[in-house]
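# Residue-level structural notes
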Amino acid sequence: MQLDSLYQEVILDHYKRPQHKGLAATYDAQVHHVNPSCGDEITLNVALDGDKVVAITWDGVGCSISQASVSILSDLLLNKSVAEADLILNTFTELMQSKGTMVGDDAILEDAVAMAGVSKFPARIKCALLGWMAYKDAVVQAQAKL
Amino acid sequence: MAFDPREVRQDFPIFERTIRDGKRLVYLDSGATSQKPNSVIEAESNFYRRHNAAVHRGAHQLAEEATDAYEGARETVANFLGGSADEIIFTKSATESLNLLAYAFSNGGSDNRFNLTSADRIVVSEMEHHANLIPWQQLSRRSGAELAWFAVTPDGRLDLSTLAEIITPNTKVVALTHQSNVLGTVNPMAAIVARAHEVGAVVILDACQSVPHMPVNVKELDIDFLAFSGHKTVGPTGIGVLWGRAELLKDLPPFLFGGSMIESVTMTDAVWAPAPRRHEAGVPNMAQAVGLAAALDYLAAIGMAEIYEHEQKLGGYLLNRLQEVPELKLVGPLKMLDRGAVASFTLGEIHPHDLGQFLDSQGIAVRTGHHCAWPLTRKLGVQATTRASLYLYNDQQDIDVLIAGILGAQQYFGGK
């Protein structure tokens, strides 16, 4: 059934066993993002060492897609340079906006390719992007402090 | 006389289509917007086909016919609510109706009877839809008037134990929902209206969730203003209604300025037309007003008392079946007493968005989220809920399909 293309095993795994959930006490920037259409919320902390992302921690409430997506990114972008993370973020955003026409490059996106099915459900794209937009915002703020 | 919802469905062409690979459409989202019968779709398109012209202008036959149709619609709405035609203002939506009021109140200057100052109070409740909360928040900011509200009890009722402390002698405006779009609660207006009038406040009723579902009579309610939307009442989008007592409307300053709403204009000044035209600047949504009249005719032919009866029975069935589901928690009153046929609930660890997505895969349309009543959702201590709302075209089978869908979702998300 079409639903299975949305709820991939990887997504449900991350939802049930979220990575890097629980906010670290120290960070360079903290942001709080909300999806106003459904009320999903994510607080996300980022720490940088030079241009390297050394910590991403988060807390939040929301649907499996929004929570799995932030869990995936917190694993994927960790220990990358800001530039590498940007590339991944842009690749992921492009995949989300592809309306189901792209499968995603798993060499770049790793677990995040499981989100490809989300792009066929327009109402859920915002769920998938919530954590990523929070990360983007946090990194800009963290860099401004350096 | 009772009606058969399956026969009603034959009047609504949308039920001829299927959803997600051939599933029957089980539409349980009428609280967001209702489906439309053929008679409404035809009335709206016939206006464009046969009678289209700008109303209240032009010396030609089409303008005459258009004006007759539009003013006839006003008459139909007035009869439906138990008011008179010159008390009916057409807007684009109930949201606009409520904003019109809130802005008009602050548009009249210090000698206008609706003018508010920091000595006054505006009363709302925690169960308001954003459309009947934010306009009053903003009026409170503009005028300096204090915003106060009724709390919601854990069982989803207004806490009226403090009625006299909330509606204080300096209260000028009491704006409340008739029926909560989340809880289904129907508020007991008599006591509230009596207290409001005792202190000289006007009562504004957001009737978006009541007018489509039960007989509503503005005289019996003894209220001062009422707003409802066409699209929740089997009518078109783009049309809303504001009803106001004639003796209040005559002093209500305009909110929108422009064509049609004037008596005379010079380069430096203008004199307003009497209500309701004073409040309908510009060429109105004519085809939609005509479509709304067809909608109200459609509902009246079936009978609002019969529709209410149908929904009360079906709502009871819905509440009972939902309470059989393990881990399902209803918000709002658990029995069909002073409540409408809408049920919002949480389902254990399954997020409403995921549940809604699963139900959609079964052809079932529900609403998920905070339902434009975020302060209420917060008060209830839930992140979001799933809402099933019923109407005249729903039957027991729809509810059985919903229950099967919910159990299916538990298996899908629990077992995976």
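Chains are numbered independently. Their residues run from 1 in the order of the written sequence. The naming scheme follows written order: chains are lettered A onward, ligands numbered 1 onward. In keeping with the model being predicted, local features are shown solely for residues with a pLDDT of at least 70 and side-chain atom pairs are shown and tallied solely at 80 or more, while totals for entire chains, interfaces and linings include all residues.

### Quick notes on the overall build of chain B
From N to C terminus, chain B includes 14 helices and 17 strands. Atoms counted for the radius of gyration: C-alpha only. Globule rule: 2.2 Å times the number of residues to the power 0.38. Compactness check: chain B gives a C-alpha radius of gyration of 22 Å against a globular reference of 22 Å for 416 residues, within 12% of the reference. With the C-alpha coordinates aligned to their principal axes, the bounding extent of chain B is approximately 75 × 55 × 40 Å. Put simply, chain B has 416 residues, and 52% of those count as buried. Contacts are defined on C-beta atoms placed from the backbone: any two residues whose C-beta positions lie within 7 Å are in contact. Partitioning the intrachain contacts of chain B with sequence separation of at least 6 by distance along the chain shows that 71% fall at a separation of at least 24. Here a helix means four or more residues in a row that DSSP labels H or I, a strand means two or more in a row labelled E, and each is numbered from the N terminus. In this scheme the burial state of a residue depends on its C-beta neighbours within 10 Å: 20 or more other such atoms mean buried, 12 or fewer mean exposed, and anything in between means partly exposed; the C-beta positions come from the backbone.

### Considerations on the domain arrangement of chain B
All names here are of chain B. An automatic or database domain assignment supplies the residue ranges for each domain. Examined at the domain level, chain B breaks down into domain 1 (5-30 + 303-415) and domain 2 (41-300). One C-alpha centre belongs to domain 1, the other to domain 2, and the line joining them spans 29 Å. Counting from both sides, the interface comprises 22 residues of domain 1 and, opposite them, 23 residues of domain 2. Secondary-structure elements contributing two or more residues to the side of domain 1 that touches domain 2 are α11 (304-323), β14 (342-347), α13 (374-380) and β17 (385-389). Among the elements that take part in the side of domain 1 that touches domain 2, α11 stands out by supplying five residues, more than any other. Under this grouping Gly is polar, as are all residues other than the nonpolar Ala, Val, Leu, Ile, Met, Phe, Trp, Tyr, Cys and Pro and the charged Asp, Glu, Lys and Arg. Of the residues assigned to the side of domain 1 that touches domain 2, the class counts are 12 nonpolar, five polar and five charged.

### Some words on the nonpolar core
In plain words, the nonpolar core is the set of buried Ala, Val, Leu, Ile, Met, Phe, Trp, Tyr and Cys residues that C-beta atoms within 7 Å link up. One finds B:Val174, B:Leu226 and B:Val290 to be the most contacted residues of the largest nonpolar core, which totals 117 residues. With 11 residues, helix α10 (residues 286-302) of chain B is the largest single contributor of residues to this core. Residues lining this core come from more than one domain, with at least three contributed by each of domain 1 (5-30 + 303-415) and domain 2 (41-300) of chain B. Aside from chain neighbours lying at most four places away, what touches B:Val174 is B:Val123, B:Ile167, B:Ile192, B:Ala196, B:Ala201, B:Val203 and B:Ile204. Core analysis: the next-biggest nonpolar cluster, separate from the first, contains 41 residues, A:Leu48, A:Leu95, A:Ala116 and A:Ala138 among them.

### Some details on the sheet that holds strand β13 (residues 328-331) of chain B
Backbone-to-backbone hydrogen bonds pair the strands of a sheet. The strands run either parallel or antiparallel. All names here are of chain B. In space, the four strands of this open sheet follow the order β13-β14-β17-β16, with antiparallel pairing throughout. In this open sheet, the two strands that pair with only one neighbour each are β13 and β16 (367-369). Shown here is a sheet whose adjacent strand axes are inclined to one another by a mean of 30°, direction ignored. Inspection of the sheet shows β13 paired to β14 by four bridges, in the antiparallel sense. Its bridge partner lying in β14, Leu328 is registered against Leu347. Here, axes are lines fitted to C-alpha atoms. For helices the fit covers the stretch in contact, and angles between N-to-C directions go from 0 to 180 degrees. The strands that α11 touches are β13, β14 and β17; relative to β14, the one it contacts most, it runs at about 10°. Contacts from helix α12 (residues 352-361) reach β14, β16 and β17, with the element oriented near 160° to β16. For two strands to be treated as a pair, DSSP must find at least two bridges joining them.

### Focus: the interface of chain B and chain A
Listed per partner, the contact involves 14 residues of chain B and 13 residues of chain A. Of all the elements in the fold, those that place two or more residues in the side of chain B that touches chain A are α12, β16 and α13 of chain B. Of all the elements, α12(B) adds the most residues to the side of chain B that touches chain A, at five residues. Classifying every residue of the side of chain B that touches chain A gives three nonpolar, nine polar and two charged.

### Structural notes on the pairing of β14(B)
Residue and element names in this part refer to chain B. Judged by how many residues are buried, β14 sits mostly within the fold: six of six residues are covered. Neither face of β14 is left uncovered, since the one carrying Val342, Ser344 and Thr346 and the one carrying Ala343, Phe345 and Leu347 both have all their residues buried. Looking at chain direction, β14 and β17 are connected through four bridges and run antiparallel. Within β17, the position partnered with Val342 by the bridge is Ser389.

### Overview of helix α2 (residues 9-16) of chain A
Along α2(A), the residues classified as buried are A:Ile11, A:His14 and A:Tyr15. Projected down its long axis, α2(A) carries its buried residues within an arc of 105°, all on one side. This arc describes the spread of directions from the helix axis toward the C-beta atoms.

### Quick notes on the environment of A:Val139
Residues and elements named next belong to chain A. In this fold, Val139 is placed in helix α6 (residues 125-145). Distance from Val139 to Lys120, taken between C-alpha atoms, is 29 Å for residues 19 residues apart in sequence. The contacts of Val139, once residues within four sequence positions are left out, are Val46 and Val82.

### Re the environment of B:Ala289
Residues and elements named next belong to chain B. Mapped onto the fold, Ala289 is located in helix α10. C-alpha of Ala289 to C-alpha of Ser45: the two residues are 244 residues apart in sequence and 12 Å apart in space. Not counting chain neighbours up to four residues away, the residues in contact with Ala289 comprise Tyr70, Ala73, Phe90, Ile239 and Pro284.

### A few points about the sheet that holds strand β5 (residues 121-125) of chain B
Residue and element names in this part refer to chain B. With respect to topology, seven strands assemble into an open sheet ordered β4-β10-β9-β8-β7-β5-β6, the strand pairing being mixed. Two strands in the sheet have a free side with no partner beyond their single neighbour: β4 (88-91) and β6 (146-150). Strand after strand, the sheet turns through a mean of 20° between neighbouring axes, direction not considered. As judged from the five bridges shared by strand β9 (residues 225-229) and strand β10 (residues 240-244), these two strands associate in the antiparallel manner. Looking at the pairing, Ser229 lines up with Gly240 of β10. The strands touched by helix α4 (residues 94-105) within the sheet are β4, β8 (202-206), β9 and β10, with β10 carrying the most contacts at an inclination of about 40°.

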